[in-house]
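Residue-level structural notes
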Protein chains: 2
Amino acid sequence: ILFVILCVLLLSCTCALSCFITSVQLFESESSTYTYLLADSETKDAVLIDPVLETIDRDLKLIQELGLNLKVAVNTHCHADHITSTGLMKKRLVGLKSAISKFSGASADILLSEGDQITFGKHYLTVRETPGHTDGCVALVLKDQSMVFTGDALLIRGCGRTDFQQGCAEKLYNSVHQKIFTLPEQCLVYPAHDYLGQMVSTVGEERKFNPRLTKNLDEFVNIMNNLNLPKPKKIGISVPANLVCGVHQV
Amino acid sequence: ILFVILCVLLLSCTCALSCFITSVQLFESESSTYTYLLADSETKDAVLIDPVLETIDRDLKLIQELGLNLKVAVNTHCHADHITSTGLMKKRLVGLKSAISKFSGASADILLSEGDQITFGKHYLTVRETPGHTDGCVALVLKDQSMVFTGDALLIRGCGRTDFQQGCAEKLYNSVHQKIFTLPEQCLVYPAHDYLGQMVSTVGEERKFNPRLTKNLDEFVNIMNNLNLPKPKKIGISVPANLVCGVHQV
Ligand SMILES: [Fe+2]
Ligand SMILES: [Fe+2]
């Protein structure tokens, strides 16, 4: 019996070392957007999160160099500050499927809702609905809860604005507290944007140090309703384009 | 005897999970510089690589929030495009030591040479000398060779220029091939700069896809000697400052 336990242990150790995920964070500087490429290092199946039109050539080149089979390009929500490259990418990669929340109002091959899984090889991302910045925002949680891709719901020491596109501060507060802050402390937080050169945080850090989301609900709502931010410059062209995968004629 | 093996296995699995390193990549957008913060997650001892004067407040705040004891701030070389924050940081963090290659010509508390180790908690970085971009360039290799911080010697699909500051294309070629390309294929490559939103690569990727360093020596020298780049805007103030840890009066 000890021998069996030994074998099981050895196997699980080997797996912990070999079941690698390739994860690459990429930045688009005009809109300060992070794009994430995740792949099963063995099967090469891959998922792309929040790709930007401006950097499609860089991203496709990397996918090709790494020999990946890109299965799904997913947007965490219908972005207002940049145009997604998912539509154009579908034309250049046969078989690629686009995905977005069913509450986004946008068209895509896969309409996501709570608990859905986006599979790549032996791994998957689980969808958690996080409305508040928009109605169709989702966070994507890696199988082992070691990483969460938070879109604009939770940013590093910040959060997405709630003053347009169905924004609602109360909803956002509840989404972050119920769907993201309940993940393990060490879970890495990868946001859709950062404007200060910060790339990664953890659930524990944000629970302790996020200047907005550590406040109580009333204070949070008050902060969010008094930001007085200018409208994103590209909202007029980005949102209509992103409602159809980044291309006006699908 | 099986029971002993079992215990050893269990212990090593536990260690693999608990001997965590906290590693944070940060970006300074004016000079497109990456700063890296590495810490032993248990002891909280930390090392900072290539910190920039402009982002000292962001970096110190993060160090404080994470409860880290910053032991060493190291520069991979005497930068020409930005001023290091090591000197000012030493004034604000008692006990912090600065480090740089002994061939850099710069003053610092610790003058590094080949094989030196920079220790933080149970972890350490090993110094590999990589002259070519400057005489005093070093790459810093994590204990288990899972990460290398390459400074300006090897960039993602590129490399540092060799047309000023003792630059020598032949030296750079040999440094990269002998000191970096000999690391394991999966070793993550973290450069001092990137101008296209790329954050990380691997030794395997660069050995296959680096457009300059996959060439032979003669072709490489020819490429490097015909780049015709303008001088860095800040070289006149950066280099004199960086020769004294970023402060003119040490
Ligand atoms: Fe957004
Ligand atoms: Fe440099």
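Residues numbered from 1 in each chain as written. Chains lettered and ligands numbered in written order. Predicted model: local features only at pLDDT ≥ 70, side-chain atom pairs only at ≥ 80, totals over all residues. Heavy atoms only, no water.

This part covers the sheet that holds strand S4 (residues 69-74) of chain B. Residue and element names in this part refer to chain B. The strand order S1-S2-S3-S4-S5-S6 describes an open sheet built from six strands, whose pairing is mixed. Looking along the sheet, the strands with just one partner apiece sit at the ends: strand S1 (21-28) and strand S6 (110-112). The mean angle between the axes of side-by-side strands here comes to 20°, regardless of whether they run parallel or antiparallel. Here eight bridges tie S1 to strand S2 (residues 33-40), and the two strands are oriented antiparallel to one another. Residue Val24 lies in a different strand from S2, and its bridge partner there is Leu37. (Pairing = 2+ DSSP bridges. Helix = DSSP H or I, 4+ residues; strand = E, 2+ residues; numbered from the N terminus. Axes fitted to C-alpha atoms, helices over the stretch in contact; angles between N-to-C directions.)

What follows covers the pattern of salt bridges. Residues and elements named next belong to chain B. With the rule as written, the count across this model stands at 29 salt bridges over all chains. Among the salt bridges present, the one from Lys90 reaches Asp109, with a minimum N-O distance of 2.6 Å. Highlighted residues: Lys90 in helix H3 (residues 86-92) and Asp109 in the loop between strand S5 (97-101) and S6, separated in sequence by 19 residues. Classification of Lys90 by relative accessible area gives partly exposed; the value is 28%. Residue Glu206 pairs with Arg157 through a salt bridge whose shortest N-O separation is 2.6 Å. Remark: Arg157 occurs in the loop between strand S11 (154-155) and strand S12 (158-159) and Glu206 occurs in helix H5 (residues 203-209); sequence separation between them is 49 residues. (Salt bridge = Lys/Arg side-chain N within 4 Å of Asp/Glu carboxyl O. Buried < 20%, exposed > 50% of the residue type's maximum accessible area, 1.4 Å probe, protein only.)

To continue, consider the packing of aromatic side chains. In this structure the tally under the stated criterion is 13 aromatic pairs over all chains. Aromatic pair Tyr173(A) and Phe220(A): ring centres 5.2 Å apart, planes at 50°, arrangement tilted. You can see Tyr173(A) sitting in helix H4 (residues 169-180) and its partner Phe220(A) sitting in helix H6 (residues 217-224), a full 47 residues away along the chain. Assessed through its relative accessible area of 11%, Tyr173(A) is described here as buried. For Phe220(A), a relative accessible area of 0% gives the class buried. Ring plane angle 45° and centroid distance 5.1 Å describe the contact between Phe27(B) and Tyr34(B), whose orientation is recorded as tilted. In terms of burial, Phe27(B) and Tyr34(B) fall into one category: buried. By way of ring pairs, the aromatic residues Phe27(A), Tyr34(A), Tyr36(A), Phe149(A), Tyr190(A), Phe27(B), Tyr34(B), Tyr36(B), Phe149(B) and Tyr190(B) are connected into one cluster. (Phe/Tyr/Trp six-rings, centres within 6.5 Å; stacked < 30°, edge-to-face > 60°.)

Turning our eyes to something else, we now look at helix H2 (residues 56-65) of chain A. In an α-helix, one turn spans 3.6 residues, which is why side chains three or four residues apart end up on the same side. Extensive coverage of H2(A) is indicated by the burial of seven of its ten residues. Buried residues in H2(A) make contact with strand S1 (21-28), strand S2 (33-40), strand S3 (45-49), strand S4 (69-74) and helix H3 (86-92) of chain A together with H5 of chain B. Two residues or fewer past H2(A), Gly67(A) is found with a positive phi of approximately 70°. (Contact = heavy atoms within 4.5 Å.)

Turning next to the coordination of the iron ion (ligand 2). Residue and element names in this part refer to chain B. The protein atoms that coordinate the iron ion (ligand 2) are His77 (NE2), His133 (NE2) and Asp152 (OD), at distances spanning 2.1 to 2.4 Å. Summarised as a motif, the one-chain spacing of the donors to the iron ion (ligand 2) is H-x55-H-x18-D. Taken together, the residues His133 in the loop between strand S8 (123-129) and strand S9 (138-142) and Asp152 in the loop between strand S10 (147-151) and S11 connect sequence positions 19 residues apart. The burial state of His133 is the same as that of Asp152; both residues are buried. (Donors = N, O, S within 2.8 Å, 3.2 Å for Na, K, Ca; no water.)

Here we take up the nonpolar core. Soluble globular proteins tend to pack their nonpolar side chains together in the buried interior. Counting 76 residues, the largest nonpolar core has Leu37(A), Leu125(A), Leu37(B) and Leu125(B) as the members making the most contacts within it. Leave out the neighbours within four places in its chain, and Leu37(B) touches Thr22(B), Ser23(B), Val24(B), Ala46(B), Val47(B), Leu48(B), Leu62(B), Ile63(B), Leu66(B), Leu68(B) and Leu70(B). (Core = buried A, V, L, I, M, F, W, Y, C linked by side-chain atoms within 4.5 Å.)

The phi torsion at Gln166(A) lies on the positive side, around 60°, for a residue other than glycine. Structurally, the position occupied by Gln166(A) is in the loop between strand S12 (158-159) and H4. Residue Gln166(A) is classed as partly exposed on the basis of its relative accessible area of 43%. With a phi close to 60°, Arg157(B) is a non-glycine residue in the positive phi region. According to the relative accessible area criterion, Arg157(B) is buried, its value standing at 16%.

Right, let's get into the UniProt feature "domain: Metallo-beta-lactamase" (unreviewed entry) in chain A. Summarizing the sequence annotation, UniProt attributes the feature "domain: Metallo-beta-lactamase" (unreviewed entry) to residues 32-193 of chain A in the numbering used throughout. The span residues 32-193 of chain A shows a helical share of 18% and a strand share of 35%, and its end C-alpha atoms are spaced 6 Å apart. (UniProt positions renumbered as here; feature names shortened; annotations may be inferred.)

Residues and elements named next belong to chain A. By secondary structure assignment, the location of His193 is in the loop between strand S13 (188-191) and strand S14 (201-202). A polar atom in the side chain of His193 sits 3.1 Å from the backbone oxygen of Ser32. At 3.4 Å, the side chain of His193 forms a polar contact with the side chain of Thr33. Excluding residues that lie within four positions of it along the chain, His193 makes contacts with Ser31, Ser32, Thr33, Tyr34, His79, Asp81, His82, Asp152 and Leu155. (Polar contact = N/O pair within 3.5 Å; in protein donor to acceptor, adjacent residues only side chain to side chain.)

Attention now moves to helix H7 (residues 235-242) of chain A. Residue and element names in this part refer to chain A. Among the residues making up H7, those that are buried are Ile235, Ser238, Val239, Ala241 and Asn242. Here the buried residues of H7 occupy an arc of 165° about the axis, which is enough to place them on one side. Opposite the buried face of H7, at more than 90 degrees from it, the exposed residues are Gly236 and Ile237. (Arc of directions from axis to C-beta.)

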